[in-house]
Amino acid sequence: MPPSSTGGAVRLLCVAGARPNFMKVAPLIAELRRDARFAPLLVHTGQHYDENMSGAFFRDLALPEPDFFLGAASGSHARQTADIMQHFEPVLLETRPAAVIVAGDVNSTLACALVAAKLQTPVFHVESGLRSFDRSMPEEINRLLTDAISTLLFVTEESGVRNLQAEGIPASRIHLVGNLMIDSLLRHLDRAKSLRVPERFGVVPGKYGVVTLHRPSNVDQQDSLAEILGALCEISRELPLLFPVHPRTRRQLEQIRLPGGDLRFLEPLGYLEFLGLMAGAAAVFTDSGGIQEETTVLGVPCFTLRENTERPATITHGANVLAGVRRSSILEAWSASRYRATERRIPPLWDGQAAARCRAVIERYFFG
Ligand code: UD1
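Definitions and cut-offs
- Residues numbered from 1 in each chain as written.
- Predicted model: local features only at pLDDT ≥ 70, side-chain atom pairs only at ≥ 80, totals over all residues.
- Heavy atoms only, no water.
- Buried < 20%, exposed > 50% of the residue type's maximum accessible area, 1.4 Å probe, protein only.
- Helix = DSSP H or I, 4+ residues; strand = E, 2+ residues; numbered from the N terminus.
- Arc of directions from axis to C-beta.
- Contact = heavy atoms within 4.5 Å.
- Salt bridge = Lys/Arg side-chain N within 4 Å of Asp/Glu carboxyl O.
- Near = heavy atom within 4 Å.
- Polar contact = N/O pair within 3.5 Å; in protein donor to acceptor, adjacent residues only side chain to side chain.
- Areas by Shrake-Rupley, 256 points an atom, 1.4 Å probe, with all protein chains shown as cover.
- 1 Å grid on protein atoms, 1.4 Å probe; cavity = no way out; pocket = protein on both sides within 12 Å on 5 of 7 lines; lining within 4 Å.
- Sits in = over half its atoms within 2 Å of the grid points.
- Nonpolar A, V, L, I, M, F, W, Y, C, P; charged D, E, K, R; others polar.

Looking now at helix H15 (residues 327-337). Taken together, the buried positions of H15 are occupied by Ile330, Leu331, Ala333, Trp334 and Ser337. All buried residues of H15 fall inside an arc of 160° around its axis, so they share one side. Tucked inside the fold, the buried residues of H15 contact helix H10 (222-236), strand S12 (283-286) and strand S13 (302-304).

Listed below in structure tokens is the structure:
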């Protein structure tokens, strides 16, 4: 069998490792599988491994069983990245794919991109070009480095095209295709709503908020987390807040004494449950990148608990505001929201067709 092909089809290794990767990879794999000229294989690095951080997402998104599971270790960035690299290299040597597709900005993304580039295998990066311009964020480092060694760069929003051009990446490699995560959202929204998730958690649609927090800068230090939770407890006296807690955050939470309020802690939710909860919310408070995009499409006001965003289209088009990380700035953003105009637009190409556009670019790359 010639390298890079499976029965004549172009073999592509698609990498997913952490929760935000799964909804980006699922629509692309489904699209590639429909075309017999492509043979996509799925590699799960195991960066996220719990049932509720990984297993539920595979079921909800109808992702195929991974062809390879790398069992990556948690730990420091160096340890995790190195461990994924060491386990990915033999898979690449064994399968000799025509390209490796990586998504987003997690450690798995950079680790596998680096292994592929060193073995002279083209890297295709999904969700390329986003920049917070904050190099204290591990994700910003992962984005910068992955983009620098990628052959095809698939971009979700116009700011990404400008950022990549400013970094000297040739225009011929940059492809504004839209947002694969929104492909997943639009495909699954009706099913998510039919689960009646708010009712199951004892809240009334439109009369509760949702919280997620997991950025190291917000949750690793007790002071920072306590500051944010102080504001959220106050808001929760007006609007009950449901908070599915990320494993990183849970450890710190146990140490903090909370002021009174109606902040309800939940286990992390699967994809459909969380989408159903978000779709019925009056507001979302988050430090996640992806949730800023999902709330933009759902038209749910989003208060981003950060000082910056790498996704400016969610502010210029959507219902996202940067609320900062201080108690006072969060409460100010919350009060000001009552007077904010509510006209919103969905960013260009966030229309559920991003996977088809990616496939068309990949097709041109291999078949001209
Ligand atoms: C990672 C990504 C982040 C992404 C987030 C989504 C990097 C640098 N960060 O952060 O960009 O937004 O995922 O969740 O890649 N853990 C479990 N069970 C799991 C997964 C993790 O208990 O299924 C624990 C780990 O053991 C670790 C901690 O949670 O102690 C953090 O996990 P890690 O993968 O290092 O980073 P995240 O904070 O999840």
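Turning our eyes to something else, we now look at the pattern of salt bridges. Counted under the stated rule, the structure contains 25 salt bridges. The shortest N-O distance in the salt bridge between Asp35 and Arg37 comes to 2.9 Å. Residue classification places Asp35 among the buried residues on the basis of a relative accessible area of 13%. Given a relative accessible area of 34%, Arg37 falls into the partly exposed group. With a shortest N-O distance of 3.7 Å, Arg196 and Glu199 are connected by a salt bridge. The exposure class of Arg196 is exposed, given its relative accessible area of 51%. With relative accessibility at 34%, the residue Glu199 sits in the partly exposed group. One continuous salt-bridge network, built from bridges that share partners, spans Lys24, Asp105, Glu127, Glu140, Arg143, Glu293, Arg306, Glu310 and Arg311.

Let us now look at the site of the ligand. Taken together, 19 residues lie near the ligand, and His48, Asn107, Glu139, His214 and Arg248 sit nearest. Backbone polar atom of Asn107 to an oxygen atom of the ligand: 2.8 Å apart, as the coordinates give it. Calculation on the ligand without its partners gives an accessible area of 740 Å², and the protein chains cover 89% of this total. The cavity that encloses the ligand is the largest pocket. Elements supplying a minimum of two residues to the shell around the ligand: helix H1 (19-33), helix H3 (77-95) and helix H11 (247-253). Across the shell around the ligand, the residue classes tally to five nonpolar, eight polar and six charged.

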